[in-house]
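Chains, contacts and geometry: an overview
Spelled out from the first residue to the last, the chains are:
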Amino acid sequence: QVQLVESGGGLVQAGGSLRLSCAASGRTFSTLSMGWFRQVPGNEREFVAAIGWTGFSAVYADSGKGRFTISRDNAKNTAYLQINNLKPEDTGVYYCAARIYSGTRSSEKEYQYWGQGTQVTVSS
């Protein structure tokens, strides 16, 4: 069983930056493809970014291109989401997800494991 624990959320002013972390355990991390999703108030959970096993392939939602960067450190069993130039509309709960197959995917249905989420609040 894979466990995922997010951290790094918090309250930040618009224009600021955050780096979210997702620590994984229970399976060899380099065999997990990772994704980040978010749920903003009043909306369905949506895809943000995904990264493959090695970290060489990454995909992003159009809304995050240029401000969001996904990365991973297989030696630390951790995935990251760097968010720059934060906007109030980025406020929400950010979830880390893992899938045991290779390749980057944007659909929630492709992920078998989920973290509990970390709250990001951006003040204007």
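The structure this text deals with has already been given above.
Glancing now at the pattern of salt bridges. Per the counting criterion, the structure on display carries five salt bridges. Residue Glu46 pairs with Arg38 through a salt bridge whose shortest N-O separation is 2.6 Å. Measuring nitrogen to oxygen at the nearest pair gives 3.1 Å for the salt bridge that ties Glu108 to Arg45. With Glu108 in the loop between β9 (92-99) and β10 (113-114) and Arg45 in the loop between β4 (33-39) and β5 (46-51), this residue pair connects regions lying 63 residues apart in the sequence.

Before going further, it helps to examine the side chain of Arg67. Positionally, Arg67 belongs in the loop between β6 (58-60) and β7 (68-73). According to the relative accessible area criterion, Arg67 is buried, its value standing at 11%. Here the side chain of Arg67 touches Asp90 through a polar contact of 2.7 Å, side chain to side chain. The residues touching Arg67, leaving out its near neighbours within four places in the chain, are Gln82, Ile83, Asn84, Asn85, Leu86, Lys87 and Asp90.

What follows deals with the side chain of Ser33. Here Ser33 is to be found in strand β4. Polar contacts involving the side chain of Ser33 include one to the side chain of Trp53, which spans 3.3 Å. Side-chain polar atoms of Ser33 contact the backbone oxygen of Tyr101, separated by 2.6 Å. Setting aside residues up to four positions removed in sequence, Ser33 forms contacts with Ile51, Gly52, Trp53, Arg72, Ala97, Ala98, Arg99, Tyr101, Ser102, Gly103 and Tyr111.

With respect to burial, strand β8 (residues 78-83) is a largely interior element, five of its six residues being buried. Of the strand pairs in this sheet, strand β3 (residues 18-25) and β8 are connected by six bridges, and their pairing is antiparallel. Bridge pairing in β8 places Cys22 opposite Ala79. Here β7 pairs with β8 via six bridges, running antiparallel. Looking at β8, one finds that Arg72 is bridged to Ala79. Two successive antiparallel strands, β7 and β8, enclose a turn made up of four residues, where Asn77 displays a positive phi of approximately 55 degrees.

Further remarks concern the nonpolar core. Ranked by size, the top nonpolar core spans 26 residues in total, and within it Leu4, Met34, Trp36, Leu81 and Tyr94 carry the most contacts. Mapped by element, the contributors of at least two residues to this core are β3, β4, β5, β7, β8, β9 and β11 (118-123). In terms of residue count, the dominant contributor to this core is β3 (four residues). The residues touching Leu81, leaving out its near neighbours within four places in the chain, are Leu18, Arg19, Leu20, Trp36, Val48, Ala49, Phe68, Thr69, Ile70 and Tyr94. Counting residues in each nonpolar core, the second largest holds six residues, with Phe37, Phe47, Ala97 and Tyr111 among its members.

Criteria and thresholds
- Residues numbered from 1 in each chain as written.
- Predicted model: local features only at pLDDT ≥ 70, side-chain atom pairs only at ≥ 80, totals over all residues.
- Heavy atoms only, no water.
- Salt bridge = Lys/Arg side-chain N within 4 Å of Asp/Glu carboxyl O.
- Helix = DSSP H or I, 4+ residues; strand = E, 2+ residues; numbered from the N terminus.
- Buried < 20%, exposed > 50% of the residue type's maximum accessible area, 1.4 Å probe, protein only.
- Polar contact = N/O pair within 3.5 Å; in protein donor to acceptor, adjacent residues only side chain to side chain.
- Contact = heavy atoms within 4.5 Å.
- Pairing = 2+ DSSP bridges.
- Core = buried A, V, L, I, M, F, W, Y, C linked by side-chain atoms within 4.5 Å.

By themselves, these figures tell us nothing about what the structure is for.
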